[in-house]
Amino acid sequence: NEGIESAKDSVLNIIHDKDKVVVDNAIRLAFEKGYAEVEARLKEKNGSAKEFFFNGKTLVIDNQFYLLGTGTEITERKKVEQEVRDMNTRLSRAQRIAHIGSWETYLPTGDLQWSEEMYHILGFPLNTPVNLGAVTQIFPPEELERFKQAVAMAIDKGEIYKQEYRIIRPDGGIRYIHDEGEVVRDENGEAIWMYGTTRDITEYKKVENALHETEEYYRLLFETSLDAILLTSPDGKILNINPAGCQIFE
C-alpha cells in the first residue's frame with residue numbers, strides 16, 4: 001500500500017486535474033495486474049496541457065514494489081485524430097443533406113465499406129457488416145441483371161459505371177437510386193477496388209413521373225377532344241392541330 005501511494009503521489013503531481021482519476025485507476029491496475037496503460041494530459045508550467053500515452057508495469061526488488069513506466073507525447077496525433085473526426089462529421093452532414101452516400105468494394109472478396117448515409121438510403125441497420133451478396137438482395141430481378149451487367153462492363157471493359165435503379169429496401173419501401181463509380185486496378189491491371197457514390201433520387205423520380213402523367217393526360221385530351229385545339233405561332237401560323245380541329249376546319 002505504501003508503494004502504491006508513493007507511486008500515485010509522484011505521478012499524479014504532474015497530471016492534469018481532469019485526468020487524475022483515470023491515471024489513479026491505471027496505477028492501481030498496474031499494481032494489481034502487473035501492467036496498465038492510459039492516455040492523459042500532462043500539466044505544463046504555463047498552464048497548458050499536452051497529451052501523453054502512459055504505460056507502466058510493476059517490479060519487485062528486495063521485497064519493495066516499484067512502478068516502471070514510459071510516457072510518449074501524442075499531442076499532434078490527437079490533433080490529427082480530432083481533425084479527422086471533424087472532417088468525417090462535416091462529410092456525413094453534407095451527405096445527409098444531399099442524400100448521397102459513398103462506398104468502396106474490395107472486389108476479390110466482395111467486402112464493402114459504407115458511409116453512414118448509405119445505410120439510410122438503402123435501409124440497412126446502421127454500422128451492420130455488409131457485403132456485395134447482401135446488397136444485391138435489394139434489387140428486383142430485372143434491376144439485378146442490369147446491375148450485374150453494368151458492374152461487369154466497368155470491371156472487364158473499363159466502361160464508365162453510371163446507372164439508375166429501382167430498389168426494394170429491407171422494410172419493403174421502394175426507392176430509386178443513382179449509382180456512379182470507378183474501378184481501381186493493381187500494377188498487373190487486375191481490378192481490386194471499386195469506389196463510388198449512391199444518390200437517393202426517389203423524390204426526383206416522383207416529380208418526373210408526375211410530369212409524365214400530366215403530359216400523358218394533356219396528350220389524350222388533345223387527341224380525343226371534340227373541340228378544335230390549335231397551337232399557333234405569334235404570326236398566326238398553325239403549328240399543331242388536333243383531329244377534331246382538322247375535321248371542323250376541313
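Keep in mind it's a predicted model, so treat the numbers as computed, not measured. The numbers attached to residues start from 1 for each chain and follow its sequence in the written order. In keeping with the model being predicted, local features are shown solely for residues with a pLDDT of at least 70 and side-chain atom pairs are shown and tallied solely at 80 or more, while totals for entire chains, interfaces and linings include all residues. Hydrogens and water molecules were not included; the side-chain quantities draw on all heavy atoms of the structure.

Draft legend 1. The sheet that holds strand E3 (residues 64-73), seen in detail. What the 3 strands build is an open sheet, ordered E1-E2-E3; its pairing is antiparallel. The open sheet is flanked by strand E1 (35-43) and E3, the only strands paired with a single partner. Put simply, the sheet's adjacent strands are angled 30° from each other on average, direction ignored. By the bridge criterion, 9 bridges tie E1 to strand E2 (residues 49-61) in an arrangement that is antiparallel. Bridge assignment links Lys43 to a residue of E2, and that residue is Ala49. Any pair of residues with heavy atoms lying within 4.5 Å of one another is described as a contacting pair. Axes, fitted as lines to C-alpha atoms, cover a helix only where it is in contact. Angles between the N-to-C directions of the axes lie from 0 to 180 degrees. Each helix is a run of DSSP H or I of at least 4 residues and each strand a run of E of at least 2, with the numbering of both proceeding from the N terminus. Of the strands in this sheet, E1, E2 and E3 touch helix H2 (residues 20-33), which is tilted by about 155° from E1. Two strands are counted as paired when DSSP detects at least two bridges linking them.

Draft legend 2. Molecular detail of the nonpolar core. Counting 22 residues, the largest nonpolar core has Trp114, Leu122, Phe139, Tyr161 and Tyr165 as its most contacted members. Those elements that provide at least two residues to this core are strand E5 (111-114), helix H4 (116-122), helix H6 (141-156) and strand E6 (161-168). For Leu122, the residues in contact, after removing those within four places along its chain, are Trp114, Val135, Ile138, Ile167, Arg169, Pro170 and Ile177. Here, the term nonpolar core denotes a set of buried Ala, Val, Leu, Ile, Met, Phe, Trp, Tyr and Cys residues that are joined through side-chain atoms within 4.5 Å. The cut-offs for exposure are 20% and 50% of the maximum accessible area for each residue type, with area from a 1.4 Å probe on protein chains only; residues under the lower value are buried, those over the upper are exposed, and the others partly exposed.

Draft legend 3. A nonpolar patch on the surface, seen in detail. For patch building, the residue pool is restricted to those with more than 30% relative accessible area and no salt bridge; the joining distance is 9 Å between like charges and 5 Å between nonpolar side chains (Val, Leu, Ile, Met, Phe, Trp, Tyr). Here the Shrake-Rupley method, with its probe set to 1.4 Å, supplies the accessible areas, and only the displayed protein chains count as covering residues. Within this document, salt bridges are pairs made up of a side-chain nitrogen of Lys or Arg and a carboxyl oxygen of Asp or Glu, the two lying within 4 Å of each other. A cluster of nonpolar residues, Leu59, Ile61, Tyr66 and Leu68, forms a patch on the protein surface that exposes about 360 Å² of accessible area. Those elements that provide at least two residues to the nonpolar patch are E2 and E3. You can see Tyr66 is positioned in strand E3.

Draft legend 4. The pattern of salt bridges, seen in detail. Under the defined criterion, the tally for this structure stands at 15 salt bridges. The salt bridge involving Arg219 is made with Glu216; its shortest N-O contact spans 2.6 Å. Here Arg219 pairs with Glu216, and both are found in helix H7 (residues 202-224), just 3 residues apart, close to one helical turn. Connected through salt bridges with shared partners, the residues Glu39, Arg77 and Lys78 form a single ionic network.

Draft legend 5. Spatial organisation of the side chain of Thr198. Turning to its location among the elements, Thr198 is positioned in strand E8 (residues 191-200). The buried category is assigned to Thr198, whose relative accessible area is 3%. What qualifies as a polar contact is a pair of N or O atoms within 3.5 Å, subject to a donor-acceptor requirement within protein and to the restriction that residues adjacent in sequence count only when both atoms come from side chains. Here the side chain of Thr198 touches Trp103 through a polar contact of 3.0 Å, side chain to side chain. Setting aside chain neighbours within four positions, we find Thr198 in contact with His99, Ile100, Gly101, Trp103, Met118, Ile121, Ile177, His178 and Asp179.

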